[in-house]
Amino acid sequence: MKPNSIAIVGTAETTELGKIPNLSQIQLHADAALNALEDVGLKPSDIDGVATAGEIPTNVAYYLGITPTWVDGTSVGGCSFMLHVRHAAAAINAGLCETVLITHGESGRSRVGVSNTWPRGATTLAGQFEMPFGVAGPPTMFTIPVLRYMKEYGLTHEQLAMVSVVQREWAAKNPRASFKEPITVEDVLDSKMIAYPFRKLQCCLVTDGGGALILTSAERAKDLPQKPVYIRGTGESVETPLISQMEDFTTSKAFRVSGQKAFEEAGIKHSDVDHLMIYDAFAHLPIYGLEDLGFCDPGCAGEFIAGRNTAPGGQLPLNTNGGGLSYMHSGMYGMYALQESVRQLRGTAAAQVENAKISIAHGVGGMFAASGTIIMSNEQL
Amino acid sequence: MAEFKKQVPRPTPETQHFWDGAKNQQLLLQQCDQCQHTYFPPRPFCPKCASREVSITEASGKATLYSYVINHRPLPGFDNPHSIAVVELEEGPRMMSNIVGCPQTPEALVLDMPLKVTFEALTDEINLPKFQPAEA
């Protein structure tokens, strides 16, 4: 991708977040899409590219009355939207379409009109070689590598708990966050045990919501009302659908490959980054993300977070909306990480990082199965 | 058995030998005839070099505890709490399983502890490979 040739010009979340029993999954997509179109002053007929996950693009295009010349149904979990941004940028540059709408909507809590199902099919590799051992969804799968990480690097339960504490501090600044009450390390370690070593306050929320992004060429962005957020660098990768078959339980190969690709493309240094979003379905993800993206040496991210480097006032503001742990998590959270990066670069975030120029949104799909990384800037250079 | 809700594996042509082996109390892996790589889960070609020349080999059943969680949420068909572990086999591959025959506590479940395979009948057709402390 040519850095800064494509911009995010429209962005919105659903009107409400949290518990939305009166909207089905497809309407959550549509509510976010209509809000994003309004944000940029466009109509569905102005859109000629559609990308989504959770629903197939056909459903979203039909429902909104869009006739696309380009569609992308890449569905690799919660980071799918990062991959959509990357693919959309390439498609616009290749002339396959001009203006792309990316949607997410998920009735994660109310389960109205949902299409995704659990458990995995009995003939899949997961259905044969993981599900029979009593994995009951992400809380008992995504968490399995952590004891190995703790033994290898000496990460403490208290440091892991600090991830939740710090993100709650960010959430307290955000009126739309689900949880805003301050919490302590003791609160985290006293909360209900879900899957040792993970307690309730180290697991993400389950809520309803959606979000949408509209992308077009940087050239066309000049005629649109919102401050453009340029796509500076992108990366993606996948490793394995089976958590038990991850190459190394202390690091994600998909994270490393995706992150390195994005940094190379963007041509920036880590010290250039003003703001960072790392998809936090569980408290260990920011730790893996900081290390696999190269912000911390292996084994050092727990101490980095516990030392308040990512907290309000710290050198590297991380998950400033409160994250999946305190803001919201519908199931495929990657869209909300992108939304917060855009808000920070527009200067409209609830917990605004002063003078933020470069932001990264890094997503995970499945349980360390996939990854997507988007580096954005509000300066075209 | 009306309350039986555990997910039961349904073998495919590529995995049938594994489940047939488990039924006979054997833990079966595959090994590449070309590059000697031993691997799991089953597939009829080597994931390292893509050779289709592969053989089925029986594992020793010896393993060590690589990582785990202890699930505290009630799950039909499972004791509460119960471990969900990834074990590293002596031959190299890792696999998901449960650690049985010991308390389901962090004190009893120590990373890198030696384990040995044991088979538990899930249905008339399916035995699941589980692991217990080697000294037991």
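All of these numbers come straight from a predicted model, not from anything done at the bench.

Conventions used here
- Residues numbered from 1 in each chain as written.
- Chains lettered and ligands numbered in written order.
- Predicted model: local features only at pLDDT ≥ 70, side-chain atom pairs only at ≥ 80, totals over all residues.
- Heavy atoms only, no water.
- Phe/Tyr/Trp six-rings, centres within 6.5 Å; stacked < 30°, edge-to-face > 60°.
- Helix = DSSP H or I, 4+ residues; strand = E, 2+ residues; numbered from the N terminus.
- Buried < 20%, exposed > 50% of the residue type's maximum accessible area, 1.4 Å probe, protein only.
- Lys NZ or Arg CZ within 6 Å of the ring centre and 35° of its normal.
- Salt bridge = Lys/Arg side-chain N within 4 Å of Asp/Glu carboxyl O.
- Pairing = 2+ DSSP bridges.
- Axes fitted to C-alpha atoms, helices over the stretch in contact; angles between N-to-C directions.
- Contact = heavy atoms within 4.5 Å.
- Buried area = accessible area lost by both parts, 1.4 Å probe.
- Polar contact = N/O pair within 3.5 Å; in protein donor to acceptor, adjacent residues only side chain to side chain.
- Nonpolar A, V, L, I, M, F, W, Y, C, P; charged D, E, K, R; others polar.

### Comments concerning the packing of aromatic side chains
Moving on, step 1. A full pass over the atoms with the stated rule returns 17 aromatic pairs over all chains.
Moving on, step 2. Measuring from centroid to centroid gives 5.8 Å for Phe142 of chain A and Phe282 of chain A, while their planes differ by 65°, and the two rings are edge-to-face. Residue Phe142 of chain A is located in the loop between helix 4 (125-129) and helix 5 (146-153), and its partner Phe282 of chain A is located in the loop between strand 9 (275-278) and helix 10 (285-292); the two are separated by 140 residues in the primary sequence. Taken as a pair, Phe142 of chain A and Phe282 of chain A share a single burial class, namely buried.
Moving on, step 3. Among the aromatic residues, those joined into a cluster by ring pairs are Phe142, Tyr149, Tyr153, Phe198, Phe255, Phe282, Tyr288 and Phe368 of chain A.
Moving on, step 4. Its guanidinium or amino end placed over the ring of Phe249 of chain A, Arg94 of chain B lies 5.7 Å from that ring's centre, counting from NZ or CZ.
Moving on, step 5. The side chain of Arg94 of chain B reaches across the aromatic face of Tyr66 of chain B, ending 3.7 Å from its centre.

### Let's talk about the pattern of salt bridges
Residue and element names in this part refer to chain A.
Moving on, step 1. All chains considered together, the criterion is met by 15 salt bridges over all chains.
Moving on, step 2. Across the pair Glu13 and Arg343 runs a salt bridge, and its minimum N-O distance is 3.1 Å. Here Arg343 lies in helix 13 (residues 334-346) and Glu13 lies in strand 1 (residues 6-13), a separation of 330 residues in the sequence. The residues Glu13 and Arg343 share a single accessibility class, namely buried.
Moving on, step 3. As a salt-bridge pair, Arg148 and Glu152 come within 3.0 Å of each other at their nearest N and O atoms. Pair noted here: Arg148 and Glu152 are both in helix 5, with a separation of four residues, about one helical turn.

### Notes on the sheet that holds strand 7 (residues 208-217) of chain A
Residues and elements named next belong to chain A.
Moving on, step 1. Here nine strands make up an open sheet; going across it, the order is 3-2-4-7-1-8-11-10-9 and the pairing mixed. Either end of the sheet is taken by a strand with one partner, and the two such strands are strand 3 (70-72) and strand 9. On average, each strand axis in the sheet is tilted by 20° relative to the strand beside it, whichever way the strands run.

### Observations concerning unusual backbone geometry
Moving on, step 1. Of note, the bond from Phe40 of chain B into Pro41 of chain B is cis; its omega dihedral lies within 30 degrees of zero at -5°.
Moving on, step 2. For Asn4 of chain A, which is not glycine, the phi dihedral falls at a positive 70°.
Moving on, step 3. Tracing the chain through its elements places Asn4 of chain A in the segment before strand 1.
Moving on, step 4. For Asn4 of chain A, a relative accessible area of 8% gives the class buried.

### A few points about the interface of chain B and chain A
Moving on, step 1. Contact with chain B, which involves 37 residues of that partner, is made by 38 residues of chain A.
Moving on, step 2. Roughly 3200 Å² is buried in total at the junction of chain B and chain A, and carbon and sulfur atoms are behind 63% of that figure.
Moving on, step 3. When the buried surface of chain B facing chain A is broken down by residue, Gln7, Arg73 and Met96 of chain B rank first, second and third, together holding 24% of it.
Moving on, step 4. One salt bridge connects Asp112 of chain B with Lys151 of chain A, and the closest N-O pair in it is separated by 2.7 Å.
Moving on, step 5. The tally of links between chain B and chain A comes to 17 residue pairs in polar contact (both at pLDDT 80 or more).
Moving on, step 6. Taken together, the elements giving at least two residues each to the side of chain B that touches chain A come down to helix 1 (16-23), strand 4 (62-71), strand 5 (82-89), strand 6 (94-97) and strand 8 (127-133) of chain B.
Moving on, step 7. It is strand 4 of chain B that provides the largest number of residues to the side of chain B that touches chain A, a total of seven residues.
Moving on, step 8. Grouping the constituent residues of the side of chain B that touches chain A by class yields 23 nonpolar, nine polar and five charged.
Moving on, step 9. As defined by bridge partners, strand 5 (residues 193-196) of chain A adjoins strand 4 of chain B across two bridges and the pair is classed as antiparallel. Paired with Ala195 of chain A across the strands is Asn71 of chain B, a residue of strand 4 of chain B.

### A word on the environment of Arg308 of chain A
All names here are of chain A.
Moving on, step 1. Along the chain, Arg308 falls in the loop between helix 11 (301-306) and helix 12 (323-326).
Moving on, step 2. As a C-alpha pair, Arg308 and Val163 span 145 residues in sequence and 9.5 Å in three-dimensional space.
Moving on, step 3. Leave out the neighbours within four places in its chain, and Arg308 touches Glu169 and Gly314.
Moving on, step 4. Here the side chain of Arg308 touches Glu169 through a polar contact of 2.6 Å, side chain to side chain.

### Examining the sheet that holds strand 2 (residues 38-39) of chain B
Moving on, step 1. Spatial strand order, 2-1-3 (chain B): three strands in an open sheet with antiparallel pairing. In this open sheet, the two edge strands, each paired with only one partner strand, are strand 2 and strand 3 (54-58) of chain B.

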